[in-house]
Amino acid sequence: MDTRDTAPDSWELEEDAEAPAAAAGLPTAFAALNVNAKPFVPNVNAPVFVPSFLQASAVEMPASDAPVENGSTEADMPTEEETWEQKEEPGGDEGGGGQEDLGSGGTCAEEGGAAGKEDEEMMEEEEEEMPLPKVAPAPPDAPKKEHVNVVFIGHVDAGKSTIGGQIMYLTGMVDKRTLEKYEREAKEKNRETWYLSWALDTNQEERDKGKTVEVGRAYFETEKKHFTILDAPGHKSFVPNMIGGASQADLAVLVISARKGEFETGFEKGGQTREHAMLAKTAGVKHLIVLINKMDDPTVNWSLERYEECKEKLVPFLKKVGFNPKKDIHFMPCSGLTGANLKDPVPECPWYTGLPFIAHLDSLPNFTRSSDGPVRLPIVDKYKDMGTVILGKLESGSISKAQQLVMMPNRHTVEVLSLLSDDVETDDASPGENLKLRLKGIEEEEILPGFILCSPDNLCHSGRTFDAQIVIIEHKSIICPGYNAVLHIHTCIEEVQITALICLVDKKTGEKSKTRPRFVKQDQVCIARLRAAGVICLETFKDFPQMGRFTLRDEGKTIAIGKVLKLVPEKD
């Protein structure tokens, strides 16, 4: 077998060096061809083909096997399929998507030895282009896995992106090779502990600073469920992005750093731990998992005292926000950098007896969602790509290909050209899935985040004025009519003005005051009339909770949370 038929160390070198030489030698090579050679007969009993990167002794292979190596016929294919299945285990998928190509290579026996080279070349290219090996396609009759959106929230540097990256690695969504590449690049920047977070922080700015800015997206599957990771930024400058991420989530993971000093910073006034937990609750997240991260740190060393200390401080606060500690909150220790207690239990931590993180996610009860309701899809982002593409989470109803929908509040009629659920093309989607839709009949410039796709027979409400019950969470001075703030409702961000205060609500009894208050201050609950700067889509909290809860922010702080009570029609 010619030496050129084995995969070289680097394709760049080979092409440059040998291209002219090969071109020159072509005529002589043709002349030396044996035209009367015997036709190639595949060897049915050939050993199963094993790709070269799995063989320790790839070099010592006898040359005579070369043409036969690829000649496994259909009879041998089942065994090959099994090896592919075994290879699925997360530890061993260094091969990217290459192996399937080699499986199909078994049938094209006519090319003999050349096929071997082409296949290896294919495999190399495959690996280069695809850092994410796709999950093996489920058999068509398998029931559709439940989609769950998980948002990672918490203070800056608590380890949200690292845990996300680690989970993707443990579930085999990022192969070892890509991570090694990230590790090398991170080492060059003296940031070697950040390499896992690079699986989610993809753009240059985020990698240089080591801070997530946009909400990173990735997905992984367990036996029963399909999860979308939404990696929210922890920095207080990017809280608006975090609200957008939390509004798409069903379940939040609050990441806390157990390291001495870091937990305290995140949790004190002005830290993001408090604000994020509260925003997640307002965004409609019902279940909260608190991951106490960095337990492997020398200052903590899996100590139960530190874990309990963090827990004791958090529980009263989370209770105040509105989570029920018995039903809605689950605490667990872990280490994002080493991956301890994410997939497998940890020997160093005998006092934690619960399930590891991924197993716990898998064992959660299913979420109830109505697929027969009206279509509601708040838009998170949009871009141009062979037409107009929008991203968002389907809150209710189901969407199928070629369906006619209406974009509110502009009332554009659009048609769905194609739908991708987590980058996999499907024909229809059910509630709770994160979708990319390609639309026809609307320009990208005409869409803004916060617009809503609705079914034509049941449009969502839109307007500018509404009455809402609001709780003032933190504000130094008093709030009077005429006060301006920024309203975050589902994925929409709009400036609003409080035009009138209608009444105060007693927190304990829920009674409403008879007289109109002149002002409200911190920790008071009131019913107020708000007026947005432009037309926004919203529903009353009673009809459709996901589109009826909101937060008010001002000067980079969350001032109030509230729910829409009624929509006030515009006076002409």
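Residues numbered from 1 in each chain as written. Predicted model: local features only at pLDDT ≥ 70, side-chain atom pairs only at ≥ 80, totals over all residues. Heavy atoms only, no water.

Per an unreviewed UniProt entry, the protein chain goes by G1 to S phase transition 1 and derives from Haplochromis burtoni. Under the heading Sequence similarities (unreviewed entry), UniProt records this for the protein chain: "Belongs to the TRAFAC class translation factor GTPase superfamily. Classic translation factor GTPase family. EF-Tu/EF-1A subfamily." In the Catalytic activity (unreviewed entry) part of its UniProt record, the protein chain is described as follows: "GTP + H2O = GDP + phosphate + H(+)". (UniProt positions renumbered as here; feature names shortened; annotations may be inferred.)

1. Some thoughts on a positive patch on the surface
Together, Lys 269, Lys 320, Lys 507 and Lys 508 give the surface a local cluster of positive charge. Examined against the element boundaries, Lys 320 turns out to sit in helix α12 (residues 304-321). The class for Lys 320 is exposed, based on a relative accessible area of 71%. (Patch = residues over 30% accessible without salt bridge, like charges linked within 9 Å, V, L, I, M, F, W, Y side chains within 5 Å. Areas by Shrake-Rupley, 256 points an atom, 1.4 Å probe, with all protein chains shown as cover. Salt bridge = Lys/Arg side-chain N within 4 Å of Asp/Glu carboxyl O. Lys, Arg positive; Asp, Glu negative; His and termini not counted. Charge placed at Lys NZ, Arg CZ, Asp CG, Glu CD. Helix = DSSP H or I, 4+ residues; strand = E, 2+ residues; numbered from the N terminus. Buried < 20%, exposed > 50% of the residue type's maximum accessible area, 1.4 Å probe, protein only.)

2. Comments concerning the environment of Phe 519
In this structure, Phe 519 sits in the loop between β18 (492-505) and β19 (525-537). By relative accessible area, which is 36% here, Phe 519 ends up partly exposed. Sequence-wise, Phe 519 and Pro 481 are 38 residues apart; in three dimensions their C-alpha atoms are separated by 7.4 Å. Leave out the neighbours within four places in its chain, and Phe 519 touches Ile 478, Ile 479, Cys 480, Leu 501 and Gln 524. (Contact = heavy atoms within 4.5 Å.)

3. Comments concerning helix α6 (residues 160-170)
Counting along an α-helix, one turn takes 3.6 residues, and residues three or four places apart therefore face a common direction. Within α6, 10 of the 11 residues are buried, which leaves it mostly tucked inside the rest of the structure. Turning to α6, its buried residues number three or more, namely Lys 160, Ser 161, Thr 162, Ile 163, Gly 164, Gly 165, Gln 166, Ile 167, Met 168 and Leu 170. In this fold, the buried residues of α6 make contact with β1 (146-154), β2 (216-221), β3 (225-231), β4 (251-257), β5 (287-293) and α13 (357-363). Following α6 by one or two positions, Gly 172 adopts a phi angle in the positive range, close to 80°.

4. Some thoughts on helix α11 (residues 272-282)
Burial analysis of α11 places nine of its 11 residues in the buried class, which makes it a mostly covered element. All of the buried residues along α11 are Gln 272, Thr 273, Glu 275, His 276, Ala 277, Met 278, Leu 279, Ala 280 and Thr 282. Looking one or two residues past α11, Gly 284 carries a phi angle of roughly 100°, positive in sign.

5. Here's the deal with the pattern of salt bridges
One pass over the full model with this rule turns up 19 salt bridges. Its salt-bridge partner being Glu 309, residue Arg 306 comes within 3.3 Å of it at the nearest N-O pair. Here Arg 306 pairs with Glu 309, and both are found in helix α12, just three residues apart, close to one helical turn. On the accessibility criterion, Arg 306 (3% relative accessible area) is buried. Glu 309 sits in the partly exposed class, given a relative accessible area of 30%.

6. Thoughts on unusual backbone geometry
Residue Pro 409 is bonded to the preceding Met 408 through a cis peptide linkage, with omega at 0°. Tracing the chain through its elements places Pro 409 in the loop between β10 (404-408) and β11 (412-421). For Met 386, which is not glycine, the phi torsion reads 50° and is therefore positive. Within the fold, Met 386 resides in the loop between β7 (376-384) and β8 (388-393). When its relative accessible area of 70% is taken as the criterion, Met 386 is described as exposed. With phi around 55°, Arg 411 is a residue other than glycine that occupies positive phi space.

7. Comments concerning the packing of aromatic side chains
Tallying each qualifying case throughout the model produces six aromatic pairs. With centroids separated by 5.9 Å and ring planes inclined at 75°, the aromatic side chains of Phe 466 and Phe 550 adopt a geometry described as edge-to-face. With Phe 466 in strand β16 (residues 462-472) and Phe 550 in strand β20 (residues 549-554), the pair connects residues that are 84 residues apart, well separated along the chain. Across the ring face of Phe 267, the terminal group of Arg 274 is positioned such that the distance to the ring centre comes to 4.6 Å. (Phe/Tyr/Trp six-rings, centres within 6.5 Å; stacked < 30°, edge-to-face > 60°. Lys NZ or Arg CZ within 6 Å of the ring centre and 35° of its normal.)

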